[in-house]
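Overview (structure and organization)
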Amino acid sequence: MICARLVTRASKLHKVLPPSAQFKNCDNIQVAGARLAKYSSSTMSLKSHAKGSPYPSLSPGTLRIYSMRFCPFAQRTRLVLEHKKIPYETINVDLKKKPDWFLERNPLGLVPVLEKDDQVVYESLVCDDYLDQVYPDSPLYPQDAYKKARDRILLETFSQVTTAWYKLLSSGGSDEAGEKFFSVLKTYETALGDRGEFFGGATPSMLDFTAWPWFERSGVLEKVAPKYAITESNFPNIAAWQKRMFELPAVKATMFDTESHLRFFASYKAGAPDYDYGL
Amino acid sequence: MTEKSYTTASAFPALTPGKLRIYSMRFCPYAERTRLVLEHKNIEHETVNIDLKQKPSWFWDKNPNGTVPILEKDDKVLYESLVCSDYIDEVYPNNKLTPSDPYRRARDRLIVELFSKAVTLFYKIAYGKDVPKDAIKGFHDALGPVEKALAERGTPFFGGSSVQMIDFTIWPHVERFDAMAQLVKEARVTADRYPKLTKWIENMGKVPAVQKCRWDTPAHIHFIETVKAGKPDYDVGL
């Protein structure tokens, strides 16, 4: 199984896209990203490790994330690492041919996974909270217990948005799935209206980074379901927030553009996910 | 305050300033998580039970997801069982239930995450019209790692030598496993297959908060059967 979360039903993206003019000015997308990913060690290869490959040794005291470059769940944790300026190294994993040493660390076989010395954490939300508690700079929750609890409610219920997002994608843009997606988005549109530029108010918080990866991939969803695109007229707060999020250093350090997301998704649909696209 | 469930016809029971209220349902395992924490920490509160098939409109106003538990006090409202439980533990500092070490907290959450896979199958088995063939195997496949995690900890409770948040989070669904096994024998959690969980169940049975909040197996069987019949007996015995 490639990725337990992505849905594999037929979609319109069966063609591999032609090379885009955008890429002419950027020889290597990942190199550009790597320069921006200031807190990720650049000495290690970003190519995915597959079954049979040896365990890449981990130096004492070094924080490592096991990831996959296009995985939205792993991106949540990468965003937290970058935003909090935590030094780390990245090991990308081939999720179709998972190394045994990876499965030993997370029997559920999913990214992200954090490892440092003898400590292992997985599940994106658990990883994110763990980092926020261990590295106190740029805290991602309010100090006030009640405000923090209200943030956590929005975090817990965000799974309704990801579920609806994937259903809309896999349905090929059905009205039923589209209406559901729009209805679960309303809570978050309202929350932004109440809170300000970010879910965290003046600065981004855990909810901003937890939600972001699916909004970065809007272009993938819009190809399949153009009727259910997020626009300034139907979701003005979310649309404005998306623009602001693109300006954040943490987002710039971890993102891919729509073209890259479309290419990866097409390769995934074709049964041969190009984990190392761009490297 | 009445324990009888409030329905669509019921007026909103006025809040007393400064008084903590939990919106609940007597047989809901998720609400029980937070009720256990309130009992364990001896926190004064009032309970408003909700008819979950005929929810009052004022109930939806508090939680658009329409679930229990909900906590309310003055102008503060919270829902989602884990959020409610954690909030109570943070705001009422006696008998602390959450570890202070972030790594321990993370590993506790991972055990709860593993357990949640068994919970999904519990519902399929206990409440399903027909038990799906692979649900029983799936249930044991999911519960195995939880038994293993408890064995690795080597302590009487998941949380250590005394009961902690992780134990109260896991307990309510385990409380209902016996009822499930009476309905579907192959789903039994036996002592030979689950020695650590069996001992843990015994240990939890001695915790005062559990004794206060739990129902026995016949009560659970009755409730489950009334749910399957389409008329949940929320107010049985009242």
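Residues numbered from 1 in each chain as written. Chains lettered and ligands numbered in written order. Predicted model: local features only at pLDDT ≥ 70, side-chain atom pairs only at ≥ 80, totals over all residues. Heavy atoms only, no water.

A look at the overall build of chain B
Filter applied, for reference: Helix numbers and strand numbers start at the N terminus; a helix is a DSSP run of H or I with at least 4 residues, a strand a run of E with at least 2. The rule is simple: take the accessible area with a 1.4 Å probe, protein chains only, and divide by the maximum for that residue type; under 20% is buried, over 50% is exposed, in between is partly exposed. It only takes one pair of heavy atoms within 4.5 Å for two residues to be counted as in contact.
The secondary structure content of chain B amounts to 10 helices and four strands. The order of helices and strands in chain B, counted from the N terminus, is β-α-β-α-β-β-α-α-α-α-α-α-α-α. Within chain B, the fraction of its 238 residues that count as buried is 53%. For chain B, the proportion of contacts with a sequence separation of at least 24, taken over those separated by at least 6, is 72%.

Brief notes about the sheet that holds strand S1 (residues 21–24) of chain B
Residue and element names in this part refer to chain B. Our working definition: At least two DSSP bridges between two strands are needed for those strands to be called paired. Structural elements are reduced to axes, namely lines fitted to C-alpha atoms, with helices fitted over the stretch in contact, and the angle between N-to-C directions of any two is expressed from 0 to 180 degrees.
Taken in spatial order, the four strands of this open sheet run S2-S1-S3-S4, and their pairing is mixed. Looking at which strands have only one partner, the edges of the open sheet turn out to be strand S2 (46–49) and strand S4 (76–79). Taken pair by pair, the neighbouring strands of this sheet meet at an average axis angle of 20°, ignoring direction. Inspection of the sheet shows S1 paired to strand S3 (residues 70–73) by three bridges, in the antiparallel sense. Looking at the pairing, Ile 22 lines up with Leu 71 of S3. Sheet contacts for helix H3 (residues 81–91): S3 and S4; angle to S4, the most-contacted strand, approximately 130°.

Observations regarding empty space enclosed by the protein
Which entries qualify depends on this criterion: Only protein atoms enter the calculation, which uses a 1 Å grid: trapped sets of points that fit a 1.4 Å probe without letting it out are cavities, open sets showing protein on both sides within 12 Å along at least five of seven lines are pockets, and any residue with an atom within 4 Å of a point is a lining residue. Grid points are joined across faces, edges and corners, and a volume is the space filled by probe spheres set on the points.
This model, assessed by the stated rule, comprises four cavities of 30 Å³ or more. Quantified by volume, the second largest cavity comes out at close to 80 Å³. Lining the second largest cavity, in full, are A:Leu125, A:Asp128, A:Asp129, A:Tyr141, A:Arg152, A:Leu155, A:Glu156, A:Met206 and B:Arg109. Listing elements by their share of the lining of the second largest cavity, those giving two or more residues are helix H4 (124–134) and helix H5 (145–157) of chain A.

Looking at the interface of chain B and chain A
The following threshold applies: The term buried area means the drop in 1.4 Å probe accessible area that two parts suffer when joined, counted for both and summed. Any carboxyl oxygen of Asp or Glu within 4 Å of a side-chain nitrogen of Lys or Arg constitutes a salt bridge here. Pairs of N or O atoms within 3.5 Å make up the polar contacts considered here, provided that, within protein, one atom can donate a hydrogen while the other can accept it, and that residues adjacent in sequence are counted only when both atoms are side-chain atoms. Amino acids outside the nonpolar list (Ala, Val, Leu, Ile, Met, Phe, Trp, Tyr, Cys, Pro) and the charged list (Asp, Glu, Lys, Arg) are all regarded as polar, and Gly is one of them.
On the side of chain A, 23 residues touch chain B, which itself brings 23 residues to the contact. Both sides of the chain B and chain A interface together cover about 2,200 Å² of buried area, and 62% of this is carbon and sulfur. For the pair chain B and chain A, the number of links is three salt bridges. A salt bridge links B:Arg109 to A:Asp129; its shortest N-O distance comes to 2.6 Å. Here chain B and chain A share eight residue pairs in polar contact (both at pLDDT 80 or more) between them. Counting residues per element, the ones that place at least two in the side of chain B that touches chain A are S4, H3 and helix H4 (102–127) of chain B. With 10 residues, the single largest contributor to the side of chain B that touches chain A is H4(B). Here the side of chain B that touches chain A is built from residues that sort into 12 nonpolar, one polar and 10 charged.

Some remarks on the confidence of the model for chain B
Rules: Every residue carries a pLDDT, the predictor's confidence in it, which falls somewhere between 0 and 100.
For chain B, mean pLDDT is 97; residues scoring 70 or higher make up 100% of the total. The complex model carries a pTM of 0.91, and its ipTM stands at 0.96.

Quick word on the environment of B:Pro56
Assignment of secondary structure puts B:Pro56 in the loop between S2 and helix H2 (57–62). Excluding residues within four positions of it along the chain, B:Pro56 makes contact with B:Tyr6, B:Thr7, B:Thr8 and B:Ile50.

Things to note about the side chain of B:Arg26
Residue and element names in this part refer to chain B. Along the chain, the position of Arg 26 falls in the loop between S1 and helix H1 (29–40). Judged by its relative accessible area of 9%, Arg 26 falls in the buried class. Within the structure, Arg 26 has its side chain in polar contact with the backbone oxygen of Tyr 234 (distance 2.7 Å). A distance of 2.8 Å separates the side chain of Arg 26 from the backbone oxygen of Val 236, its partner in a polar contact.

Re the pairing of strand S1 (residues 64–67) of chain A
Within a regular strand, the side chains alternate between the two sheet faces. Residue and element names in this part refer to chain A. With burial as the criterion, each face of S1 is covered, one bearing Arg 64 and Tyr 66 and the other bearing Ile 65 and Ser 67. Where S1 and strand S2 (residues 89–92) come together, four bridges link them in parallel fashion. Across the sheet, the residue bridging to Tyr 66 is Ile 91, located in S2. Sheet topology note: the S1/strand S3 (residues 113–116) ladder contains three bridges and is antiparallel. By the bridge assignment for S3, Arg 64 is matched with Glu 115.

Looking at the sheet that holds S2(A)
Sheets are built from strands that pair by backbone hydrogen bonding, the pairs being arranged parallel or antiparallel. All names here are of chain A. Strand order in the open sheet formed by four strands is S2-S1-S3-S4, and the pairing between neighbours is mixed. Strand pairing shows two members of the sheet lacking a second neighbour, S2 and strand S4 (119–122), which therefore form its edges. In this sheet, neighbouring strand axes are inclined to one another by 20° on average, regardless of whether the strands run parallel or antiparallel. On the sheet, H4 packs against S3 and S4 and is oriented at approximately 130° with respect to S4.

Looking at the state of the cysteines
The cut-off we apply is this: Criterion for a disulfide: a pair of cysteine sulfur atoms within 2.5 Å.
Evaluated as defined, the whole model comprises zero disulfides over all chains. Of the cysteine sulfurs around A:Cys127, a residue in no disulfide, the closest is that of A:Cys71, at 11 Å. Unpaired in terms of disulfides, B:Cys213 finds its nearest cysteine sulfur in B:Cys28, a separation of 12 Å.

A look at the side chain of B:Arg176
All names here are of chain B. As for its placement among the helices and strands, Arg 176 is situated in the loop between helix H6 (165–175) and helix H7 (177–183). Relative accessible area serves as the criterion here: at 3%, Arg 176 is assigned to the buried category. Reaching out from Arg 176, the side chain makes a polar contact with the backbone oxygen of Pro 172 at a distance of 2.7 Å. Setting aside residues up to four positions removed in sequence, Arg 176 forms contacts with Phe 27, Cys 28, Pro 29, Glu 32, Phe 122 and His 220.

Some points on the packing of helix H7 (residues 175–195) of chain A against helix H10 (residues 236–246) of chain A
All names here are of chain A. How we decide: If an angle is under 35 degrees, it is roughly parallel; if it is over 145, roughly antiparallel; if it lies from 65 to 115, roughly perpendicular; otherwise it is oblique.
For the pair H7 and H10, the least separation of the axes is 8 Å and the interaxial angle reads 70°. Of the possible angle classes, the one that applies to H7 and H10 is roughly perpendicular. Taking contact as the criterion, the partners of Leu 185, Glu 189, Leu 192 and Gly 193 in H7 are, on H10, Pro 236, Asn 237, Ile 238 and Trp 241. Split by residue class, the contact of H7 with H10 holds five nonpolar, two polar and one charged.

Topic: H4(A)
Most of H4(A) sits inside the fold, with eight of its 11 residues counted as buried. In this fold, the buried residues of H4(A) make contact with helix H2 (72–83), S3, S4 and helix H8 (206–216) of chain A together with H4 of chain B.

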